[in-house]
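Per-entry structural report
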Amino acid sequence: MTEEFFLSKVFSESMQPSHVIPYYFRAVKTPKEEDITITTLITENRFHVFDRLVTNYQGPISVTIHVADDEKSRDVLLSKLHDLYNGNEYMKQYVDVHLVVDNFERQFNMWRNVAKFFARTNYVMMLDVDFHPCTDFRHAILNNEEIMKKLRTGNTALVVPAFEYADLQEGLDFHTFPTKKADALELVESGRLVMFHASWKPGHGPSNYTHWYGTNELYKVTTYQYQYEPYVIFPKQSIWCDERFVGYGANKAACLFELYLSGVDYWVLPNDFLIHQTHEYLEDARRHERRFNKKLYDHFREELCFRYARNFILNDEWKTEKADNLKNTCNKIRGFSQAIKYFSSMK
């Protein structure tokens, strides 16, 4: 069995043919298993932002880079990639680079899965490259035994609250970003710093920013809803992002919905935060792809509810805390109660 054939099955829900090249570059440093790998994805136009992230984080990173499958553009991109990797010592020390070579743009969930699949630590952080980690959450977590116990249970995901500047121009220079919660709170009070995508409250609202402003304690997300898409740290041994979501809209929410349904609770870190670095969006593509993915996401949620319910029942987990998130989320679906009775009768 060739590696290419094996990986075509691993990522078989993605658009094919697609050629995955793992560890095109491999970090010199071997990370400890009990560490946190940032998993992310980048295209050529975000190389400079990724360079900042690597220098800032100075920890394990697993990144997927999409390469268009035509010789001319491929050679140009790889030349730039070599310059990027060899121009930053931290890149060589900490970053594993994986390539996806095909003709399909914006297979975001497939790219996320590639980065996660080849991560070499027990815990991963699913992060978009344009977010700047303002605090050293990695060492804060690793040095906190209470938090690490939660992560080791396998049923905890840690949320790092995300912000953006109200005046998007202020988000262009990461050098000016606050590095302490107290400084961030001053900007919040002045109205300059706000919840990321504040106009779309379901995206980050369940993190309860009002509570975050006044606490120093880890706290649980108690108002989860299916459009919630925070940036989270969670065990690598967990769900995979559904690769049927291609393009903008619902792709990350779908990952996090399945993570929640599988029995994982979200807990918000009280002293750490990210800030979005302003950049332009492909608005026309976003508008169309969001419409397509919304339809897919509506069906996807029902599908997951029935699939996980059946799994929990047949594995004798239906009456455990692991199934609580599913029960609270799926109980209003038409036919759900009847399906539970049927699955229970199969035992």
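All figures in this text were calculated on a predicted structure; none of them were measured in a lab.

1. A closer look at the side chain of N88
Mapped onto the elements of the fold, N88 is located in the loop between α3 (71-86) and α4 (89-94). Under the relative-accessibility criterion, N88 is labelled buried at 7%. Among the polar contacts listed, one links the side chain of N88 to the side chain of T55, at a separation of 3.0 Å. If sequence neighbours within four positions are ignored, N88 has contacts with D51, V54 and T55.

2. Focus on the sheet that holds strand β3 (residues 61-68)
Strand order in the open sheet formed by nine strands is β1-β4-β3-β2-β5-β11-β7-β12-β10, and the pairing between neighbours is mixed. Single-partner strands in this sheet number two, and they are β1 (19-25) and β10 (219-220). Where β3 meets strand β4 (residues 95-102), eight bridges bridge the pair, whose relative direction is parallel. Bridging from a neighbouring strand, H66 pairs with V100 of β4. With respect to the sheet, helix α7 (residues 145-153) is in contact with β5 (123-126), β7 (156-160), β11 (231-235) and β12 (265-268), its orientation differing from that of β7 by roughly 125°.

3. Comments concerning the packing of aromatic side chains
Following the criterion strictly, the structure yields 31 aromatic pairs and no others. Both rings, one in F131 and one in F196, keep their centres 4.8 Å apart while their planes meet at 80°; by these two values the pair is edge-to-face. With F131 in strand β6 (residues 131-133) and F196 in the loop between β9 (193-195) and α9 (201-204), the pair connects residues that are 65 residues apart, well separated along the chain. You can call F196 buried: its relative accessible area is 5%.

4. Description of a nonpolar patch on the surface
Together, M1, F5, F6 and V10 line one region of the surface with nonpolar side chains, adding up to about 450 Å² of accessible area. By the secondary structure assignment, F6 is in helix α1 (residues 3-10).

5. Things to note about the layout of surface pockets
The space that makes up the largest pocket amounts to roughly 1,300 Å³. In terms of lining residues, the largest pocket is bounded by 41 residues, among which F108, Y248, G249, N251 and R286 are the most central. Ranked by residues supplied to the lining of the largest pocket, first place goes to helix α12 (residues 283-314) with seven residues. Residue classes in the lining of the largest pocket are distributed as 16 nonpolar, eleven polar and 14 charged. Mapping the lining of the largest pocket onto the domain boundaries places at least three of its residues in each of domain 1 (1-129) and domain 2 (132-346). In this structure, the second largest pocket spans a volume of roughly 410 Å³.

6. Quick notes on the domain arrangement of the protein chain
According to the domain assignment, the protein chain consists of domain 1 (1-129) and domain 2 (132-346). Averaged C-alpha coordinates put domain 1 and domain 2 at centres separated by 22 Å. Each partner contributes residues to the interface: domain 1 has 39 residues there, and domain 2 has 38 residues. Regarding the contact of domain 1 and domain 2, the summed buried area is about 3,400 Å², with carbon and sulfur atoms giving 58% of it. Looking at the side of domain 1 facing domain 2, the largest losses of area belong to R106, K116 and M126, adding up to 20% of the total buried there.

7. What to know about the side chain of R112
In this structure, R112 sits in helix α5 (residues 108-117). In this structure R112 comes out as buried when scored by relative accessible area, which is 9%. Once residues lying within four places of it in the same chain are set aside, the contact partners of R112 are L41, M126, D128, C241, N251 and K252.

8. Notes on helix α14 (residues 336-345)
Along α14, the positions that sit buried rather than exposed are F336, A339, I340 and F343. For α14, the angular spread of buried residues about the axis comes to 100°, placing them on one side. Among the exposed residues of α14, those oriented more than 90 degrees off its buried face are Q338, K341, Y342 and S345.

The rules behind each value
- Residues numbered from 1 in each chain as written.
- Predicted model: local features only at pLDDT ≥ 70, side-chain atom pairs only at ≥ 80, totals over all residues.
- Heavy atoms only, no water.
- Helix = DSSP H or I, 4+ residues; strand = E, 2+ residues; numbered from the N terminus.
- Buried < 20%, exposed > 50% of the residue type's maximum accessible area, 1.4 Å probe, protein only.
- Polar contact = N/O pair within 3.5 Å; in protein donor to acceptor, adjacent residues only side chain to side chain.
- Contact = heavy atoms within 4.5 Å.
- Pairing = 2+ DSSP bridges.
- Axes fitted to C-alpha atoms, helices over the stretch in contact; angles between N-to-C directions.
- Phe/Tyr/Trp six-rings, centres within 6.5 Å; stacked < 30°, edge-to-face > 60°.
- Patch = residues over 30% accessible without salt bridge, like charges linked within 9 Å, V, L, I, M, F, W, Y side chains within 5 Å.
- Areas by Shrake-Rupley, 256 points an atom, 1.4 Å probe, with all protein chains shown as cover.
- Salt bridge = Lys/Arg side-chain N within 4 Å of Asp/Glu carboxyl O.
- 1 Å grid on protein atoms, 1.4 Å probe; cavity = no way out; pocket = protein on both sides within 12 Å on 5 of 7 lines; lining within 4 Å.
- Points joined across faces, edges and corners; volume = space filled by probe spheres on them.
- Nonpolar A, V, L, I, M, F, W, Y, C, P; charged D, E, K, R; others polar.
- Domains from an automatic or database assignment.
- Buried area = accessible area lost by both parts, 1.4 Å probe.
- Arc of directions from axis to C-beta.

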